[in-house]
Amino acid sequence: MVYPSRTNTQQFSSMGKLPPSLKTSKNLVQPVQSLLKNAQSSTQQSPSQSSHRHARKPPKSTTKNPPQTITPTIHRSPAITFTSSDISSAKNQFTSLTTIPKYSSILNNRFCNSVLESFTSVSLSVQDSIFLLNHMTKVNPSFTPDKSSYHILLSQSCTKPDLDLSNVEQALTLMASNGFQPDKVTTDIAIRTLCSTGHEEQAVELIKKLSQVQTTKPDTYTYNFLVKRLVKNRTLSSVSLFIDEMRKGFGLKPDLVTYTIMIDNVCNGKNLREAMRLLDVLKEEGFKPDCYLYNTIMKGYCTVSLGGEVLRVYKKMIEEEIEPDLVTYNTLIYGLAKSGKVKEGIRFLKEMAKMGYFPDVVTYTSLMNGLCRDGNALGALELLGEMESKGCSPNECTYNTLLHGLCKARLDKGVELYGVMKGNGMKLESGSYGTFLRALCRSGKVAEAYEVYDYAIESKSLTDVAAYTTLESTLKWLQKAKEQGLAV
Amino acid sequence: MLPQRMKKVVTDNPKKLATLIDLVNLPSTFREFVGRSQSSRLGCFQHVWSYIKENKLQDPNNKNIVHCDAKLKSILLGKTQVELAELPMLIKLHFPKVQK
């Protein structure tokens, strides 16, 4: 694909590096997190057999490049774990390993790199890691540091970068002086490591420096990754400035994914006007909005409580002959249900089926939400039955939606539903918790309300502060109502 | 992320939250009941509520009513029976308002 030179993907993955197969903006968040978790577990645990295998076999999609020339027996090799950052003891540990003859066959580059990586996770300075690398090549001549060795050093330097990036540059220079010209993969590793350790400022600095050289110019994945990080913790104007700078200074243009990230971000911040402006800009640049972008815009309308607008967006999509997907339909139905047009939402179930999509738990929950808002909580309860009969199992959100709706209409059914939720150990959401408490208190079931309060804390649905605040204010409200003769 | 309600409480009124979870020196009656000299209002409430549950002080016919035993009476204004609904208010009485 993009990087023909990338052979040991697994190694990179444990440093927060994603293989290209995973690098689409849509699923960036999750894999990154799961991979990072993976990385943590592999560095924290002692590499007993199981954890070692675990580290080598990250999620399915990363095993695209199967480990070459490595037999499974190696996975059970006695790897070195470093618990102290002391360089001389690390050296000794490695030396003692080389003296055992039966291990001589496994001291290949891959193994040595994993030793080095293990040390970098505890070592205090890159200098120490470089010493270890030199020592390893001395006592084990079959090991010749390769590109990954230097990438390991680089990623260590990026976890604790100096303000002026001098240690990162040192790692890059070391790499180049040993005959490995930094390339786009290097850039990607550096940027991702910087971002994942919260050094966005330095990442911006570094990407500007690296963009000056053609070979290390970031590709769209690296670029979009950084933009995605930036929109999360910077103001919109400074991100726009960054994008402008990259375009003018280095000819790096934002692509459709970049715009989708930006639009998603402004939509989440309820700034729909900016989203519309960006939409115009991207059209001017010659991009054609795709299904993802329209889904994002629909979501935007839903967050600003303009659920009715989704229908307009949907019609536009059909006009432009963009094929909607399940997310489109779910967002559409969610928006319609939220804006009191649940009947129209139900109509779309048929249309979905025509396009080959079947309602899932999200679709049903949105519809139930709409029915409850419409005051038809019993209809929502019927829908639960229909949903289960079709083999679609409800989740916590479904139950919470229903509980919320039933409290307002049929408290007895709500209590019943609560029993089911409790039996399954489901958590209560703060909204449905509050509504439930109020409904119980209103009908004079204060003791039951206390029981729900206990359950909310016990099941860790809410913090005890949040649970108590709600209980207290509900009871206060009840007392007031009693004084005025409004409640039992 | 903080739950919505919690977030609202914090942003709306940080002081209100502080009176709920800050440790304060308890008045002497409460000190005996809780067995500690310092506690938060939330901690006290939890303590009283679990005391009621443990000693089964709720009226078996109407669970909303609590029959106070001697120990509980000492902290709840000497009432022989209280309603569960009043409980937070009664406990709050032991916590003087903080001057602004």
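Numbering of residues starts from 1 in every chain and runs along the sequence as written. Numbering of ligands from 1 and lettering of chains from A proceed in the order in which they are written. Local features in a predicted model are, by the rule used here, given only for residues with pLDDT of at least 70; side-chain atom pairs are given and counted only at 80 or more, and totals for whole chains, interfaces and linings are based on all residues. Excluding hydrogens and water, the side-chain figures rest on all heavy atoms present in the structure.

S.K.: Break down the overall build of chain B for me, citing the residues and quoting the values.
M.R.: Counting from the N terminus, the helices are the DSSP runs of H or I reaching at least four residues and the strands are the DSSP runs of E reaching at least two. Regarding its fold elements, chain B presents 6 helices and 4 strands. Ordered by position from the N terminus, the helices and strands of chain B form the series α-α-β-α-β-α-β-α-β-α. Any two residues having at least one pair of non-hydrogen atoms within 4.5 Å are treated as being in contact. When contacts within chain B are restricted to residue pairs at least 6 apart in sequence, those whose partners lie at least 24 apart make up 28%. Here, Shrake-Rupley sampling with a 1.4 Å probe gives the accessible areas, and only protein chains in the shown set may cover a residue. Of the accessible surface of chain B, which amounts to about 6200 Å², a share of 53% is contributed by carbon and sulfur atoms.

S.K.: Give me the lowdown on the overall build of chain A, citing residues and values where you can.
M.R.: Within chain A, the regular secondary structure consists of 25 helices and 0 strands. Taken over 488 residues, chain A has a buried fraction of 50%. Total accessible area computed for chain A in this model is approximately 22600 Å², and 54% of it derives from carbon and sulfur atoms. Burial classes follow relative accessibility: with a 1.4 Å probe on protein chains only, a residue under 20% of its type's maximum area counts as buried, one over 50% as exposed, and anything between as partly exposed.

S.K.: Before we move on, could you go through the environment of R31 of chain B and cite the residues and values that matter?
M.R.: Here R31 of chain B is to be found in helix α3 (residues 28-34). Those residues within four positions of R31 of chain B in sequence are excluded, and the remaining contacts are L26, R36 and S37 of chain B.

S.K.: Explain helix α13 (residues 256-268) of chain A to me, using residue names and the numbers behind them.
M.R.: Every α-helix winds through 3.6 residues per turn, so residues three or four apart in the chain are directed the same way. All names here are of chain A. One less than the residue count of a helix, multiplied by 1.5 Å, gives the span that helix is expected to have. Between its first and last C-alpha, α13 extends 18 Å over 13 residues, near the 18 Å set by a 1.5 Å rise per residue. Taken residue by residue, α13 has L256, T258, Y259, T260, I261, M262, I263, V266 and C267 as its buried positions. Its buried side turned inward, α13 meets α11 (220-233), α12 (236-250), α14 (272-284) and α15 (291-303). Downstream of α13 by one or two residues, K270 has phi in the positive range, about 60°.

S.K.: Run through the side chain of E86 of chain B, naming residues and quoting values.
M.R.: When you line up the elements, E86 of chain B lands in the loop between β4 (81-83) and α6 (87-92). Beyond its immediate chain neighbours, meaning those up to four positions away, E86 of chain B contacts Q479 of chain A together with K79 of chain B.

S.K.: So what about the packing of aromatic side chains? Which residues, and what values?
M.R.: Here a Phe, Tyr or Trp ring, Trp counted by its six-membered ring, pairs with any other such ring whose centre lies within 6.5 Å, and the pair is stacked when the planes are under 30 degrees apart, edge-to-face when over 60, and tilted otherwise. Under the defined criterion, the tally for this structure stands at 12 aromatic pairs over all chains. Grouped by ring-pair contacts, the aromatic residues Y450, Y453 and Y468 of chain A together with F45 and W49 of chain B constitute a single cluster. Consider the ring centre and the ring normal. A charge sits over the ring if Lys NZ or Arg CZ is within 6 Å of that centre and within 35 degrees of that normal. The cationic tip of R192 of chain A hangs over the ring face of F225 of chain A; the distance from NZ or CZ to the ring centre is 4.4 Å.

S.K.: I'd like a rundown of the UniProt feature "repeat: PPR" (unreviewed entry) in chain A, residues and numbers included.
M.R.: Residue and element names in this part refer to chain A. On the UniProt side, "repeat: PPR" (unreviewed entry) is annotated at positions that read residues 255-289, 290-324, 325-359, 360-394, 395-428 and 429-463 here. Helix makes up 74% of residues 255-289 and strand 0%, with an end-to-end C-alpha separation of 11 Å. Across residues 290-324, the secondary structure splits into 66% helix and 0% strand, with the terminal C-alpha atoms separated by 9 Å. UniProt positions are given in the numbering used here, feature names are shortened, and annotations may be inferred rather than shown by experiment.

S.K.: Go over the interface of chain B and chain A with me, naming the residues and quoting the values.
M.R.: Taken together, the contact between chain B and chain A spans 24 residues of the former and 24 residues of the latter. Taken together, the two surfaces of chain B and chain A that pack against each other cover about 2100 Å², and 64% of this comes from carbon and sulfur. Every case where a carboxyl oxygen of Asp or Glu lies within 4 Å of a side-chain nitrogen of Lys or Arg is listed as a salt bridge. Our enumeration of links across chain B and chain A arrives at 3 salt bridges. The term polar contact refers here to a pair of N or O atoms within 3.5 Å; inside protein, the definition further demands a hydrogen-donor-capable atom paired with an acceptor-capable atom, and it admits residues adjacent in sequence only when both atoms are side-chain atoms. For the interface between chain B and chain A, the tally reads 9 residue pairs in polar contact (both at pLDDT 80 or more). Buried area counts how much accessible surface, traced with a 1.4 Å probe, disappears from two parts once they are put together, with both parts' losses summed.

S.K.: Could you give me a rundown of the environment of L206 of chain A, with the residues and numbers involved?
M.R.: All names here are of chain A. In this structure, L206 sits in helix α10 (residues 200-211). Owing to a relative accessible area of 1%, L206 belongs among the buried residues under this scheme. The sequence separation of L206 and L194 amounts to 12 residues, and the corresponding C-alpha distance is 9.4 Å. Beyond its immediate stretch of four places on either side in the chain, L206 contacts L165, V168, L172, A190, I191 and L194.

S.K.: Before we move on, can you summarise unusual backbone geometry with the specific residues and values?
M.R.: Even without a glycine there, the phi angle at E321 of chain A is positive, about 60°. By the secondary structure assignment, E321 of chain A is in the loop between α16 (310-319) and α17 (326-338). E321 of chain A gets classed as exposed once you look at its relative accessible area, which sits at 74%. One non-glycine residue, K56 of chain B, adopts positive backbone phi at about 50°. Topologically, K56 of chain B is positioned in the loop between α4 (41-54) and β3 (65-67).

S.K.: Kindly report on the nonpolar core, identifying the contributing residues and their values.
M.R.: In terms of nonpolar packing, the biggest core is built from 131 residues, with F242 and Y433 of chain A together with L72 of chain B touching the most fellow members. Of the residues forming this core, the biggest block, 8 residues, is contributed by helix α24 (residues 446-458) of chain A. How far each domain reaches was decided by an automatic or database domain assignment. When residues of this core are sorted by domain, at least three fall in each of domain 1 (359-426) and domain 2 (440-488) of chain A. Not counting residues up to four positions away in its chain, the partners in contact with L72 of chain B are F33, V48, Y51, I52, L57 and V66 of chain B. Working definition of a nonpolar core: buried Ala, Val, Leu, Ile, Met, Phe, Trp, Tyr and Cys residues. They are joined through side-chain atoms within 4.5 Å.

S.K.: Just give me the short version of a positive patch on the surface, but keep the residues and values in it.
M.R.: Exposure above 30% relative accessible area and no salt bridge define the residues that can form patches, which grow by joining like charges within 9 Å and nonpolar side chains of Val, Leu, Ile, Met, Phe, Trp and Tyr within 5 Å. Charge counting follows a simple rule: Lys and Arg are positive, Asp and Glu are negative, and His as well as the terminal groups are ignored. By convention, the charge on Lys lies at NZ, on Arg at CZ, on Asp at CG and on Glu at CD. A cluster of like positive charges, contributed by K476 and K480 of chain A together with K16 and K92 of chain B, occupies part of the molecular surface. Assessed through its relative accessible area of 53%, K16 of chain B is described here as exposed.

S.K.: Would you mind going over the environment of T258 of chain A in detail, with residue names and values included?
M.R.: All names here are of chain A. The residue T258 is located in helix α13 in this model. According to the relative accessible area criterion, T258 is buried, its value standing at 1%. Residues T258 and Y221, 37 residues apart in the sequence, show an inter-C-alpha distance of 9.6 Å. In contact with T258, not counting residues within four places along its chain, are Y223, N224, V227 and I243. Looking at T258, its side chain comes within polar contact range of the side chain of N224, at 2.5 Å.

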